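Observations on the model geometry
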Amino acid sequence: MRKKMVFALRSMVIGVGMCVICTFVTVGVLSAENYYVDAEMGADENPGTSPEKAWKTLKNVNQHPFQPGDVISLRAGQVWRGTIRPTHSGEEGKPITYTRYGEGENPALWGSVDLTKEELWTEVEPGIWATKPDEVEVKGDYSEFWTGNWSCYTEGVAKTSWKVKKTTSGKKVYTISTHEATKRDCDIQLNYAAFKIEPEMGLRFQFRARLTQDGSEKNLLDDKKSQELVRAFRIIQATSPWGGFGSLVKSSWTVGEKWTEFDVVLRTTVTEMKNNARVSFFIGPMLPKNSEFSFMPVSAQLAEVKSVGLFREVGNIIMKKKGTENQKDCEITAWKRWGVDKLAAVGDYYYDIPNSRLYFKSDENPARVYSMMEAAGKCNLFDLGKQHHILVEGLTFAYSGGHGLRGGPGCQHCVVRGNDFLWIGGSWLYTRGPIPTRYGNGIEFWEGNEDLLIENNYFYQIYDTAMTNQGPGAGVLKDMVWRGNRCEKCEQCYEIWFTSPDMTVESLTVENSDFRDSGFGWSHDQRPDKRATHFLAYGFNAKVGKIRYENNYLGRTKQHMVWFFNPRVSEFGLNHNEYVQPVENPEEIPLFMWGGQPKEGVTFAKYRELTGNDKDSTLKNK
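As the structure is a computational prediction, the values presented were derived from the model and not from experiment.

In this section: the overall build of the chain. A count of helical and extended segments in the chain gives 8 helices and 50 strands. For the chain, whose C-alpha radius of gyration is 25 Å, the value lies close to the compact-globule estimate of 25 Å for 622 residues. Along the first, second and third principal axes, the C-alpha atoms of the chain reach 75 × 65 × 50 Å. Across the 622 residues of the chain, 56% fall into the buried class. The contacts in the chain between residues at least 6 apart in sequence include a share of 76% that link residues at least 24 apart. Entry remark: accessible area of the chain is about 25,000 Å², with carbon and sulfur atoms responsible for 48%. Taken as two groups, the 76 positive and 78 negative side-chain charges of the chain have centres that lie 3 Å from each other.

Quick look at the structure:
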């Protein structure tokens, strides 16, 4: 496990606001029912109400109807490969708390699969190794799935019409006519919702599809488009925030002159039964203007999937070479490529989404070379959703291709304190044009939230940004405080973007934090969009009440200290910050960049003159 960085701010009580939070937590703990989780000595059949009768896995953590004031404690020094998604909220003075107990390192949630067993690999061509393919065993018919009704959803610039007809055999044919095309996956969707799924449930689904344009009978689903269609096939939550409920684990297709036959297998990744699952095709870019996409479900079966476990898209592989385990900073990463034919150097890898299979460039079996190979899967390790009055404290979140912790719209009155977020992000998000986009943040809050305190956390090696508030929708962000956090070797430290003019930021603070080495992490070289900075802002159309970035240390960046892709930086209250760039004459370097300025940025003096920000801040070289 990566060494824990301990710094003074983690244990300090800063300001009156912190005192209020401490009182709020203490009251809750005094009246709490305590639950314990022990990965070594526990058992899920236990009541979980004492260390001696602890639960073993995260199953009960995700299913139990916790009440306000309850405390869920994970035993220190242990690892759980899985995620936590609270389904109940606390109340004022009685938060539901997720924390640790016992001596040792923080208990850890990992979103990865261990690939250090030799039997997992097979050499498919000289120097190219692949994980073993999945095996699917059909368990019985699941006719209630494929006989149900599908629907079409359109948004953005896309314009479509929709019709349904029955064949002579009674099967339904659904047709989407596209009148205005789009480049976004989500702008045109073919959805089936909502239906029940179980944990580790396999679903095999057969269907036929055809795509014609301008009345031509020629089938436009060539092999490439067939693969795109299969990759667009997802099983998700039917309602906001539309989180992932499963993944594609196997697929095949046969390209014909008019119709294409598809056979796909999905596997759920939920930890408890869900009644609100949705299967969706996100097919916006596939459908040209004046085209018709016809889709006919054929059959479906329940299935058992025997697999290496790579059900989620792999965003990164964190590795240690044998013989380096005791060296400082000995973790290295594989290099994500976008096809088997692109694997040129040792350490390159490709994740085959349709078949849930990983290909790796190595001179010998990778398990003989590396003592650690954690394949980081696409997931949110802790998903607050829309819950309120939740405390998350003293945990480690590592090796996820998605986010470490995420809060959805409406998340309120929560504290995230004293946690570690390590090696997060890198999974595929979408492809628009020739360049795939990857993503992954340490902590992300989406759109409108209220009364959130994120303090004394440590972030290390995050693909995108350590911390962020963002979203395209309307809402209000109020009493949001990021305090005393430390970020190292992330591409960005704090990011904000709100593109809706109906969004309001009433009060937001980023203070007393330690940001350093932005852009010096694993992701920078692999990114097509290199954006190393401590403070990042994309599109920003929100109304602003009060935003403060104050009393922060911002040391060494590969590109900029402050980088706004909009012209509104003067509306942000930056002051009393210490900027340190360890080069000769840092005051002559264009470290500050925002919309309307030269693309290379401007100097510290020019930035202060033009924006009025950081009047009492300093820029030094050490």
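Here we come to the pairing of strand E29 (residues 403-407). Along E29, 5 of the 5 residues are buried, which leaves the element largely enclosed by surrounding structure. The pairing of strand E26 (residues 380-385) with E29 spans 4 bridges and is parallel. Along E29, the bridge assignment pairs Gly-385 with Gly-407. Where E29 meets strand E34 (residues 443-446), 3 bridges bridge the pair, whose relative direction is parallel. Looking across to E34, one finds that Gly-407 is bridged to Phe-445.

The next subject is the packing of aromatic side chains. All told, the structure shown has 49 aromatic pairs when counted by the stated rule. On the numbers, 6.2 Å between centres and 20° between planes, the contact of Tyr-458 with Tyr-460 is stacked. For the pair Tyr-458 and Tyr-460, a shared accessibility class is recorded, and that class is buried. Ring plane angle 70° and centroid distance 5.8 Å describe the contact between Tyr-549 and Phe-572, whose orientation is recorded as edge-to-face. Highlighted residues: Tyr-549 in strand E44 (residues 543-550) and Phe-572 in the loop between strand E46 (560-564) and strand E47 (573-575), separated in sequence by 23 residues. You can call Phe-572 buried: its relative accessible area is 1%. Grouped by ring-pair contacts, the aromatic residues Trp-150, Trp-162, Tyr-174, Tyr-192, Phe-195, Phe-205, Phe-207, Phe-233, Phe-262, Phe-281 and Phe-295 constitute a single cluster. One cation-aromatic arrangement involves Arg-234 over Phe-282; the distance from NZ or CZ to the ring centre is 4.4 Å. Over the aromatic face of Phe-520 sits the side chain of Arg-556, whose NZ or CZ is 3.6 Å from the ring centroid.

This next bit is on the pairing of strand E13 (residues 188-197). Among the 10 residues that make up E13, 7 are buried, leaving the element largely enclosed by the rest of the structure. Relative to E13, strand E10 (residues 151-154) runs antiparallel, the two being bridged by 4 bridges. The residue of E13 that forms the bridge with Thr-154 is Ile-188. Here E13 runs beside strand E18 (residues 274-282); their pairing, made up of 7 bridges, is antiparallel. Bridge assignment links Ile-197 to a residue of E18, and that residue is Lys-274.

Before going further, it helps to spend a moment on the sheet that holds strand E24 (residues 357-361). Strand order in this open sheet of 5 strands is E7-E8-E24-E23-E22, and the pairing throughout is mixed. Pairing within the sheet leaves two strands with one partner each, and these edge strands are strand E7 (121-125) and strand E22 (335-336). In this structure, E22 lies alongside strand E23 (residues 348-352), joined through 2 bridges in parallel fashion. Along E23, the bridge assignment pairs Trp-335 with Asp-348.

Moving on, we get to the pattern of salt bridges. Enumeration over the complete set of coordinates arrives at 33 salt bridges. In this structure, Asp-464 engages Arg-527 in a salt bridge whose closest nitrogen and oxygen atoms are separated by 2.7 Å. Of this pair, Asp-464 sits in the loop between strand E36 (458-462) and strand E37 (465-471) while Arg-527 sits in the loop between helix H7 (523-526) and strand E43 (533-540); the two residues are 63 residues apart in sequence, bridging distant segments of the chain. A relative accessible area of 14% places Asp-464 in the buried class. Assessed through its relative accessible area of 3%, Arg-527 is described here as buried. Glu-609 is paired through a salt bridge with Lys-606; the nearest N and O atoms lie 3.8 Å apart. Of this pair, Glu-609 and Lys-606 both sit in helix H8 (residues 604-611), 3 residues apart, roughly one helical turn. The structure contains a network of salt bridges with shared partners spanning Asp-464, Glu-491, Arg-527, Asp-529 and Arg-531.

So, on to unusual backbone geometry. Residue Ala-194 is reached from Ala-193 by a cis peptide bond, and omega for that bond is -10°. You can see Ala-194 is positioned in strand E13. With a phi close to 55°, Trp-423 is a non-glycine residue in the positive phi region. Summarising the element assignment, Trp-423 is placed in strand E31 (residues 420-424). In the Ramachandran plot, Lys-489 falls in the positive-phi region, its phi being about 55° despite a non-glycine side chain. The topology assignment puts Lys-489 in the loop between strand E39 (486-488) and strand E40 (492-498).

Reading guide: rules and limits
Residues numbered from 1 in each chain as written. Predicted model: local features only at pLDDT ≥ 70, side-chain atom pairs only at ≥ 80, totals over all residues. Heavy atoms only, no water. Helix = DSSP H or I, 4+ residues; strand = E, 2+ residues; numbered from the N terminus. Rg over C-alpha atoms; globule rule 2.2 N^0.38 Å. Buried < 20%, exposed > 50% of the residue type's maximum accessible area, 1.4 Å probe, protein only. Contact = heavy atoms within 4.5 Å. Areas by Shrake-Rupley, 256 points an atom, 1.4 Å probe, with all protein chains shown as cover. Lys, Arg positive; Asp, Glu negative; His and termini not counted. Charge placed at Lys NZ, Arg CZ, Asp CG, Glu CD. Pairing = 2+ DSSP bridges. Phe/Tyr/Trp six-rings, centres within 6.5 Å; stacked < 30°, edge-to-face > 60°. Lys NZ or Arg CZ within 6 Å of the ring centre and 35° of its normal. Salt bridge = Lys/Arg side-chain N within 4 Å of Asp/Glu carboxyl O.

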